[in-house]
Each structure stands twice: as C-alpha cells, then as structure tokens.
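Working through the structure, step by step
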Amino acid sequence: MKKSEANKPDNSGIDEAYKELNHHYYQVKVNYIVKNSSKKAVNPQYTIWMPEDDNGQEFSTETPSPDGGAVDTIIGTEAINPGNSRSGSVTMLSNHKFTVKHFKFSIEEVLGNEGNHIAKGGVAELK
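These notes cover the structure that comes with them. Residue numbers run consecutively from 1 along every chain, following the written order of its sequence. The predicted nature of this model means local features are confined to residues of pLDDT at least 70 and side-chain atom pairs, given and counted, to a pLDDT of 80 or more, with totals for whole chains, interfaces and linings taken over all residues. Excluded from the side-chain calculations are hydrogens and water; all other atoms, namely the structure's heavy atoms, are used.

**Quick word on the sheet that holds strand 6 (residues 117-125)**
Any two strands between which DSSP finds at least two bridges are classified as paired. Here a helix means four or more residues in a row that DSSP labels H or I, a strand means two or more in a row labelled E, and each is numbered from the N terminus. With antiparallel pairing, the three strands of this open sheet are ordered in space as 2-5-6. Because the sheet does not close on itself, it has two edges, and the strands there are strand 2 (49-52) and strand 6. Shown here is a sheet whose adjacent strand axes are inclined to one another by a mean of 5°, direction ignored. Across four bridges, the pairing between strand 2 and strand 5 (residues 104-111) is antiparallel. Bridge pairing in strand 5 links Met50 to Ser106. Note on geometry: axes are lines fitted to C-alpha atoms, helical ones only across the stretch in contact, with angles between N-to-C directions running from 0 to 180 degrees.

**Overview of the side chain of Ser60**
Its place among the elements puts Ser60 in the loop between strand 2 and strand 3 (69-72). With a 1.4 Å probe rolled over the protein chains alone, any residue whose accessible area is under 20% of its type maximum counts as buried; one over 50% counts as exposed, and the rest are partly exposed. Given the relative accessible area of 11%, Ser60 is considered buried. Only 3.1 Å separates the side chain of Ser60 from the backbone nitrogen of Glu62, close enough to count as a polar contact. By definition in these notes, contact holds between two residues if any of their heavy atoms fall within 4.5 Å. Not counting the four nearest positions on each side in its chain, Ser60 is found in contact with Met50, Gly68, Gly69 and Ala70. Identification of polar contacts relies on pairs of N or O atoms within 3.5 Å, with a donor-acceptor requirement for protein atoms, meaning one able to donate a hydrogen and the other able to accept it, and with residues adjacent in sequence counted only if both atoms are side-chain atoms.

**Section: a negative patch on the surface**
Together, Glu58, Glu62, Glu108 and Glu109 make up a region of like negative charge exposed at the surface. Inspection of the secondary structure assignment puts Glu62 in the loop between strand 2 and strand 3. Taking relative accessible area as the criterion, Glu62 reaches 48% and is therefore assigned partly exposed. Patches were defined on residues exceeding 30% relative accessible area and lacking a salt bridge, with like-charge contacts within 9 Å and nonpolar side-chain contacts (Val, Leu, Ile, Met, Phe, Trp, Tyr) within 5 Å. Note that accessible areas follow from Shrake-Rupley with a 1.4 Å probe, and for residues the cover is restricted to the protein chains shown. Whenever Lys or Arg places a side-chain nitrogen within 4 Å of a carboxyl oxygen from Asp or Glu, that contact is recorded as a salt bridge. In this charge count, Lys and Arg are treated as positive and Asp and Glu as negative; neither His nor the chain ends contribute. Here the site of a charge means atom NZ of a Lys, CZ of an Arg, CG of an Asp or CD of a Glu.

**A word on the pairing of strand 6**
Pairing between strand 5 and strand 6: seven bridges, direction antiparallel. The partner of Phe105 across the bridge, within strand 6, is Ala124. Hairpin connection between strand 5 and strand 6: a loop of five residues separates the two successive antiparallel strands, and Glu114 in this loop has a positive phi of roughly 65°.

**A word on the side chain of Ser89**
Locating Ser89 in the fold gives a position in strand 4 (residues 85-94). Look at Ser89 and you get buried, because its relative accessible area is 10%. Filtering out sequence-adjacent residues up to four positions away, Ser89 remains in contact with Lys29, Val30, Asn31, Tyr32, Val71, Asp72 and Thr73.

**Considerations on the packing of aromatic side chains**
Only Phe, Tyr and Trp rings are paired, with Trp represented by its six-membered ring, and only when their centres lie within 6.5 Å; those with planes under 30 degrees apart are stacked, over 60 edge-to-face, the remainder tilted. One pass over the full model with this rule turns up four aromatic pairs. Arranged with centres 6.3 Å apart and planes meeting at 70°, the rings of Trp49 and Phe105 form a pair that is edge-to-face. You can see Trp49 sitting in strand 2 and its partner Phe105 sitting in strand 5, a full 56 residues away along the chain. On the basis of an interplanar angle of 85° and a centroid distance of 4.9 Å, the ring pair of Phe103 and Phe105 is categorised as edge-to-face. Taking the relative accessible area as the measure of exposure, Phe103 reaches 7% and is therefore buried.

Encoded structure:
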C-alpha cells in the first residue's frame, strides 16, 4: 500500500459482488464510531471485523458475495492510536432479506502496526 493510499480502504472486492446482485437486493448502512481503549495502536489494515446480521451471518469485507458482502470505510485505513476514535460506516448487501436490529461485528484478531498480535478476537456489539 502506498503512503498516499494509507487512509483509504480497498473496496475493490465489492465490485464483483455488485455485478452479481439481483435487480432487487437488500442493503443496510450503519454509521459507527470505533474507539481504541487499549494501550497499543490498533491497525485496521490488519485487523478485520465483519458485520453480522441478527441471525449471526457474517458479511465479509474481504470476500464479498451476493449472499452477503460489506463495504467498510475504516477497514484498510491507518492505525488508531490508544484513546483515539474513528468514525466510519459499513454497508451490508445481500440478495436475501436480513435484519440488523442488534448490530454486531465479528473480529478475527486485534492486530497492531506491522500486523503484530494485540488481543484475541470476539464479537463487539454497537451500543
């Protein structure tokens, strides 16, 4: 990733999923703020979180498909330093109806700069 692209997410994978969506599809956009409450910088270039619907289906930002894909404006951006916050949004797309009344993110693993391990992953619920 070039320095000039360091704070821009790579959404190229969603383009193919868009092409495969039905004429009538479902979409939800959620605005959110992520706050780093750890003592180390968390890097969204390495830390991947995926939105989940109310049935627990993950909407992948890495390998989106017409059955469940997402575009996130924070994933792929530069590190979030301790105590800092970043505003973003995630758009979830699917050919199938889904609900998001209790929004959650599934987090694989929390990684810092250079991809070093900070913490185990888990599920984060929006408040």
